[in-house]
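Secondary and tertiary structure notes
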Amino acid sequence: MAKDDFDVIVVGSGAGGGMAAHSLTQDGLRVLMLEAGRDYQPATETPMFNRPSQAPLRGEGTPDKPFGYFDATIDGGWEVHGEPYTVAPGSDEFKWWRPRMLGGRTNHWGRIALRFGPYDFQSRSRDGLGVDWPISYEELAPWYDRTETLVGVTGLAHGLENTPDSPPGVHHVPPPPRAHEVMMTRAFKAMGIPVAAMRGAVITRPIDGRGACLYTTDCGRGCSVAANFQSTTVLLPPARATGQLTIRTQAVVYQVDIGPDGRARGVSFVDRLHGTHHSVRARTVVLAAGACASARILLNSRSPRFPDGVGNDHGLVGRYLMDTVGTSTVAHVPMLEKLPRRNDEGMSLSHIYVPWWGYQQQARKELDFPRGYHIEPGGGQRMPGMSFGDMAMMSPISHGPGLRAELGRKYGAFVSFDGRGEMIPNDDCFLDLDPTVKDRWGIPVPRFHWKWSQHEERQAAHMRRTFLEVIEKFGGTPVWGTETDGKTAISKGGEMIHEVGGVRMGRSEKDSVVDSYGRAWAVRNLFVLDGAILPTNPDKNPTLSILALAWRGAAHLAKLAKRSEL
Amino acid sequence: MQTDPSFEHDSPRLSRRITLQWLAAAAAWSGIPAEVLALPTVSAHGYGTDPVLVKPSTGPWRRILSRSQLVLLSRLADLILPPENGEPAPSRVGIAEFIDEWVSAPYPTQTADRSIVLAGLAAMERRAMQRYHQPISALSATDLGALLDVMVAQPQPEFFLRLRYLVVGGYYTSDAGIQAIGFIGGVALPSYPGVTPEVQAVLEAELQKLGL
């Protein structure tokens, strides 16, 4: 590769990197994308209709495939061979999910695609906690519109507080609710809690050569007809079609190379298969390796000008790491035992969800936690898994004649509630470099520090109390997740796989690492365009916002490049 | 006891200390000295972190169960989940072969189950000799059922619970089991039908009872 063969190097190929490459190539820039994992082709590699009997151990999760055999995660999971991370002594547990494949985590993600609302950008102004964003909802809204149009997101306009509707014609028509979702909707409404149609990154009408949802199989396997959103099916094909995109896989970037002028001149990476080191150059560098990986690259990019890492003059790189607050409860529902057999497949994810309903209560100080959460319901008569074996524990007949009938009654008679809540950034949650542990190529690894605050623990307790109340409304019995002590109920750090922050955006270099376009204050031809730049982490799952911010940042980059202002 | 050469005694996946803890637990309820149940661990590799997902497959590792153990597991599975209403018996859908795949696998959950299942089978063979003075393979279905009832009635029936998990889970994830449970799906649809009138009628009646 000759010097400056490329206008932009994009590190990472997931939501942030995929969108950046899509936007930059559409704007005529020559892009080199570096992906740490292997190439991946959903059209030929997705086990769309494979049954449990066609997988080892009936598809149950193992250390090799933690979310199940068919999960679209390659060479990864909670551990990646030869690429460890550590948790600091005295810290609470933190987990870090990584794949090693083109498209990253967009291949298996939950496809819940929620816009942040106006309040979410002004949270400090509203309650004095955390920080405000340097942009408003109104500034990001057009990019949400474009992103939803490109990605394809289901939804309906409900007019709910801080839950923005999309312009007419943007959303895809959501599939109707399943039977247990009708039941849940009635119970929530009896509690005065509104229920909304799911905002899912699944198309229900064909667009851009992609097929509409087939209403079968698990989206977590990926989709060979491209009905759900994956970077590999939605962003990278049109980027490649421009002829402006070069993709180099198996390239683990570990450093931004800084020239004597203090500007980024490229990056260095190690070939994951051969262990050889390489440096490539371009006029601009975009990091989108995933929040923790991008922060790690900056911290490892040390030079006389940046002895503590690029952009870290104020010690902010790695700081204010966040995840989503999570709790779950499972209930048995006798009413559902009486329903005839039914098709509960649909678009894989829930067809409804419960947006946060307590803004006014919080404004009146009636709740003991300041930020909201939403609820993702689950249930239905889905393709059986090995959990059927656990269901036998619920049968009054331990074995022999009659056990089949008991299992038949219990099939589809369980529902679940997953609460997903906002975490407020705090000083105890961050990553730095482990002083001794290195990966298999000798590069220092991230060391995590984690501690939920009482805001999150009280919120988790409220989630559980809400779940128990609604379960009682429809006559169910909770069978798992009944503990209402927030400290016990809350998920582990990183476990929701919504880790964001670490390279946060802001209004000046004293309070942030990058500006609202992801442009580093310290190195003006370096951008960060993944979840690392989020200054707060609202309850609304971050992927749609990462996509919208990446598009906005990449468009800004292209504009500057055309004006030779980079 | 298995002496398959694919076993090794100090697998890095499973410390000997933990193995001995399992053995002690198994021995506590089976009445067998722990040293008799010296179960080595499997050294085989798993399917790796990048298997070809679209190609139907089962675990690539070597199977460890003997023919007599497979026969015994089939008979026990049919006692746990006997055929009813025209639905096939577990033995007809390859349940023993599935359990063999499971307990032969080199992963932690399956390794733990291997200890439990092999110890449980050994305990049943011993009880057959004690109670009926004949090998377990010679017992009638009635006598084998009585022996199974003894295992169910243990204060900590770990063997029965894990065996039932494997039988029920394995059965209903087989193609015949999926059909038996009445799963509707697995085919592409032009649109999602939502709640059918038949389901809606029952649902509404139930919701009304609850004032919903």
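Just so it is clear, the structure is predicted and the values come from calculations on it, not from any experiment.

As a further point, take the overall build of chain B. For chain B, the count of helices and strands is eight helices and two strands. N-terminal to C-terminal, the α/β element order of chain B is β-α-β-α-α-α-α-α-α-α. Here chain B holds 212 residues, and 40% of them are scored as buried. Of all intrachain contacts in chain B linking residues separated by at least 6 positions in sequence, the fraction that spans at least 24 positions is 66%.

Counting its secondary structure elements, chain A contains 14 helices and 18 strands. Its C-alpha atoms give chain A a radius of gyration of 23 Å, near enough to 24 Å, the size a compact globule of 566 residues would have. Projecting the C-alpha coordinates of chain A onto the three principal axes gives extents of approximately 75 × 55 × 50 Å. Burial statistics for chain A: of 566 residues in total, 59% are counted as buried. Taking contacts inside chain A between residues at least 6 apart in sequence as the whole, the part at least 24 apart equals 73%.

With that out of the way, let us pick up the nonpolar core. Residue and element names in this part refer to chain A. The biggest cluster of nonpolar side chains holds 203 residues, and the ones touching the most others in it are Ile9, Val286 and Ala550. Tallying contributions element by element places helix 14 (residues 543-562) first for this core, with ten residues. Mapped onto the domain boundaries, this core takes at least three residues apiece from domain 1 (1-135 + 229-322 + 429-450 + 499-566) and domain 2 (175-197 + 325-421 + 453-489). Those residues in contact with alanine 550 that sit more than four places away from it in its chain are Ala15, Gly16, Met19, Ala20, Ala288 and Leu529.

Note: interface size is frequently given as the accessible area lost on complex formation between the parts. Listed by partner, the interface residues are 56 residues for chain B and 60 residues for chain A. When contributions to the side of chain B that touches chain A are tallied by element, the ones reaching two or more residues are helix 2 (67-80), helix 3 (95-103), helix 6 (158-172), helix 7 (175-181) and helix 8 (197-209) of chain B. For the side of chain B that touches chain A, the element with the highest residue contribution is helix 6 of chain B, accounting for seven residues. Classifying every residue of the side of chain B that touches chain A gives 32 nonpolar, 16 polar and eight charged.

Glancing now at unusual backbone geometry. Not every positive phi belongs to a glycine, and Arg58(A) is a case in point at roughly 60°. Arg58(A) sits in the buried class, given 25 other C-beta atoms within 10 Å. Phi at His133(B) takes a positive value of approximately 55°, unusual for a residue other than glycine. Within the secondary structure, His133(B) sits in the loop between helix 4 (108-132) and helix 5 (141-152).

Our focus in this paragraph is the domain arrangement of chain A. Residues and elements named next belong to chain A. One can read the domain layout of chain A as domain 1 (1-135 + 229-322 + 429-450 + 499-566) and domain 2 (175-197 + 325-421 + 453-489). One C-alpha centre belongs to domain 1, the other to domain 2; they are set 33 Å apart. If you look at the interface, domain 1 gives 13 residues, while domain 2 gives twelve residues. Grouping the amino acids of the side of domain 1 that touches domain 2 by side-chain chemistry returns four nonpolar, three polar and six charged.

Should pLDDT be low for a region, the predicted coordinates there are not to be read in detail. On average, residues of chain B score 85 in pLDDT, and 80% of them reach the 70 mark or higher. Scored as a whole, the predicted complex attains pTM 0.94, and scored at its interfaces, ipTM 0.95.

A few words on the packing of helix 5 (residues 179-190) of chain A against helix 8 of chain B. Interaxial distance between helix 5 of chain A and helix 8 of chain B falls to 11 Å at its minimum, and their mutual angle equals 25°. In terms of orientation, helix 5 of chain A and helix 8 of chain B fall into the roughly parallel class. Seen from above, helix 5 of chain A lies across helix 8 of chain B with right-handed handedness. Taken together, the residues of helix 8 of chain B that come into contact with helix 5 of chain A (itself represented by Ala179(A), Val182(A), Met183(A) and Arg186(A)) are Val199(B), Leu203(B) and Leu207(B). Per-class residue counts for the contact of helix 5 of chain A with helix 8 of chain B are six nonpolar, no polar and one charged.

The subject of this paragraph is helix 5 of chain B. Helical geometry note: an α-helix holds 3.6 residues per turn, so side chains three or four residues apart project in the same direction. All names here are of chain B. Between its first and last C-alpha, helix 5 extends 16 Å over twelve residues, near the 16 Å set by a 1.5 Å rise per residue. For helix 5, the set of buried residues is Leu144, Leu147, Leu148 and Met151. Mapping the buried residues of helix 5 onto a view down its axis gives an arc of 100°, with all of them on the same face. Summarising the contacts, the buried residues of helix 5 are in contact with helix 2, helix 4 and helix 6.

Another point: the environment of Leu245(A). Residue and element names in this part refer to chain A. By the element assignment, leucine 245 lies in strand 5 (residues 245-248). Given 22 C-beta atoms within 10 Å, leucine 245 falls into the buried group. Placed 239 residues apart in sequence, leucine 245 and phenylalanine 6 show a C-alpha to C-alpha distance of 9.3 Å. In this view, leucine 245 contacts Ala21, Thr25, Val31, Met33, Ala239 and Arg240; residues no more than four positions away in its chain are not counted.

The rules behind the values
The numbers attached to residues start from 1 for each chain and follow its sequence in the written order. Labels follow written order: the first chain is A, the first ligand is 1, and so on. Where totals are concerned, whole chains, interfaces and linings use all residues; where local detail is concerned, this predicted model gives features only for residues with pLDDT of at least 70, and gives and counts side-chain atom pairs only at 80 or more. Secondary structure elements follow DSSP: runs of H or I of four or more residues count as helices, runs of E of two or more count as strands, with numbering from the N terminus. Residue burial is a threshold on neighbouring C-beta atoms within 10 Å of the residue's own C-beta, all placed from the backbone, with 20 or more meaning buried, 12 or fewer meaning exposed, and counts in between meaning partly exposed. Note on contacts: residues are paired as contacts if their backbone-placed C-beta atoms lie within 7 Å. We compute the radius of gyration from the C-alpha atoms alone; for a globule the expected value is 2.2 Å times N to the 0.38, where N is the number of residues. Each nonpolar core consists of buried Ala, Val, Leu, Ile, Met, Phe, Trp, Tyr and Cys residues. Their C-beta atoms, within 7 Å, join them into a set. As annotated, the domain borders come from an automatic or database domain assignment. Amino acids are sorted into nonpolar (Ala, Val, Leu, Ile, Met, Phe, Trp, Tyr, Cys and Pro), charged (Asp, Glu, Lys and Arg) and polar (every other residue, Gly among them). What pLDDT reports is the predictor's confidence in each residue, on a scale of 0 through 100. Working convention: axes come from line fits to C-alpha atoms, limited for helices to the stretch in contact. Angles between N-to-C directions cover 0 to 180 degrees. Orientation labels follow simple angle bins: below 35 degrees gives roughly parallel, above 145 gives roughly antiparallel, 65 to 115 gives roughly perpendicular, and whatever is left gives oblique. Less than a right angle of anticlockwise turn of the near helix away from the far helix marks a crossing as left-handed, whereas a clockwise turn marks it as right-handed. Under the convention used throughout, the expected extent of a helix is 1.5 Å for every residue step, that is, one less than its residue count. Each C-beta atom gives one direction from the helix axis, and the arc is the one those directions make.

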